[in-house]
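# Chain and residue survey
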Amino acid sequence: MKLSPKLSGAALAFGLAMSATAACAEAPAAKTCPDGLPGETKCMAGQDMNGAYYWIAIPKAWNGTLVLHTHGGPRLKKPKPDDAIEDLQRFAVTVAEGYAWAGSNYRREGYGVRSAAEDSDNLRKLFWENYGRPKRTILHGQSWGGNVAAKTAELYSKDADGSLVYDGVILTSGVVSGGTRAYDFRADLRAVYQYYCGNHPEKGEAQYPLWQGQPVGSKLTNKELDERVNACTGVDLPAGQRTVQQRRNLANILAVTRIPERTLGSHLSWATFTFADMVNKRLGGKNPFTNIGVVYKGSDDDKALNKGVIRFKADPEGVRRLADDSDLTGKLPVPTLTMHAIDDPTAFVELEQVFHDTVAKAGKSDLLVQSFTDEHEHSKLATPEYAALLRAMTAWIELGTKPSPATLAVGCAEAVKTYGEACHFQVDYKVPALSTRSYPRAKPGLK
């Protein structure tokens, strides 16, 4: 980086920090772009100074704005150099719309919002060092990456002289409630599942506390967990092939937790392996979850369920550590757009209400616009909807034109001309509050 002798001390410090970041990182190397990107897009990849792999894509007709992507998960497998390709292809609309795209795979596997946020901002610095400061820089967080992007904006929104480095934030299907509110229902699932199934852990295994996910050193695999779930509930079998007991177990578990049948196995997996990573590796073995006082409802015998279900009390230190890592202040530094499917089977739409209230309490509601779609997916919604978000965010930043759900729907209809898929914005939808955990929770639209 060439530094002007006229730079202020703060700016000089920032420039030196940028140079140090780049000096310790692997310079981006040219790569063959994956399928699905516009012709003549330039793709690069490398590894930063902390070992985080990254990919970058710059379209031929670059509009000068960088979209820094923060991926979901958390992924529990050791990062590999080309992991970010999946994210780039999934959100290729970003490049098709003329934006540069950059995504880090983070330095390590597992939970850690602050760590992932640091890796993401390091990639922002690396991009600026190698390609110049873009006209604008926008964060886009997907799923758990929504938590990461929001935390990145909170922690790294300003450079050494106090000027903003990010211009906008887009959060899609986001876990925007922070960690202390996002995973309670999975802790409940562990308790309710064990009451009906009694095989996780099995009677002959070490009876570890359910909030731990798995004990240190456990060799249980996802396949073995799936086999246990299927043995108890028959969830992987056609309904007509399930035993009477399997049908009863499945019906009760789904009715009480309000988790969709199609994602029961996934949620139990997260409540097993992600919980184990979170508790054993990140929280020092401290429990951040409680179900003391939770009244479970919806089963064929609620009295017996509430009497017999395993109860556990949170450790204040576990809650504190999880909150410090992942909870949000609501102090939005820049315009922020969210989009969430009403029938999201993974990150329930009620998380948006937590974010809304957190932002309102911080007095930053003027910087937040939330939108909702009548879709049933989590990982990828309709392509024109993302185009509408990008276009609306650019107009908000450049022209001061704050969007609304209605104007997003209009913009999406325009994007259909390019991408051909249908739009699903529900402009009048009012998201319900997250449950106080007296079950069953309201889950409008969930099937």
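Nothing here was measured: the structure is a model prediction, and the numbers come from that model. (Residues numbered from 1 in each chain as written. Predicted model: local features only at pLDDT ≥ 70, side-chain atom pairs only at ≥ 80, totals over all residues. Heavy atoms only, no water.)

Another aspect to go through is the packing of aromatic side chains. One pass over the full model with this rule turns up 10 aromatic pairs. Taken together, a centroid distance of 6.1 Å and an interplanar angle of 80 degrees make the contact between Tyr111 and Tyr183 edge-to-face. Pair noted here: Tyr111 is in the loop between β5 (100–104) and α4 (113–131) and Tyr183 is in the loop between α6 (179–182) and α7 (184–197), with a separation of 72 residues, a long-range link. The exposure classification of Tyr111 matches that of Tyr183, with both residues buried. Aromatic side chains Phe275 and Phe289 sit 4.4 Å apart centroid to centroid with 20 degrees between the ring planes, which places their arrangement in the stacked category. Within this pair, whereas Phe275 is found in helix α10 (residues 264–282), its partner Phe289 is found in the loop between α10 and α11 (302–308), the two being separated by 14 residues in sequence. Judged by relative accessible area, Phe275 falls into the buried class, the value being 1%. In this structure an aromatic cluster arises from ring pairing among Tyr106, Tyr111, Trp144 and Tyr183. (Phe/Tyr/Trp six-rings, centres within 6.5 Å; stacked < 30°, edge-to-face > 60°. Helix = DSSP H or I, 4+ residues; strand = E, 2+ residues; numbered from the N terminus. Buried < 20%, exposed > 50% of the residue type's maximum accessible area, 1.4 Å probe, protein only.)

Moving on, we get to the state of the cysteines. Within this structure, the stated rule accounts for 3 disulfides. For Cys197, the disulfide goes to Cys232, at an S-S distance of 1.9 Å. Taking the torsion about the S-S bond as the criterion, the Cys197 to Cys232 disulfide, at about -80 degrees, is left-handed. Here Cys232 lies in helix α8 (residues 222–233) and Cys197 lies in helix α7, a separation of 35 residues in the sequence. There is no split in this pair, since Cys197 and Cys232 are both buried. Covalently, Cys412 is tied to Cys423 through a disulfide, its sulfur atoms 2.0 Å apart. The disulfide joining Cys412 to Cys423 has a torsion of about -100 degrees about its S-S bond and is therefore left-handed. (Disulfide = S-S within 2.5 Å.)

Strand order in the open sheet formed by 9 strands is β1-β2-β3-β5-β4-β6-β7-β8-β9, and the pairing between neighbours is mixed. In this open sheet, the two strands that pair with only one neighbour each are β1 (29–31) and β9 (368–373). Looking at each pair of strands side by side, their axes are set apart by 20 degrees on average, direction ignored. Pairing of strand β6 (residues 136–142) with strand β7 (residues 168–172) involves 5 bridges; the strand directions are parallel. Each bridged residue has a counterpart across the sheet, and for Gly141 the counterpart in β7 is Leu171. Across the sheet, helix α5 (residues 144–156) is in contact with β4 (65–70), β6 and β7; its angle to β6 comes to roughly 145 degrees. (Pairing = 2+ DSSP bridges. Axes fitted to C-alpha atoms, helices over the stretch in contact; angles between N-to-C directions. Contact = heavy atoms within 4.5 Å.)

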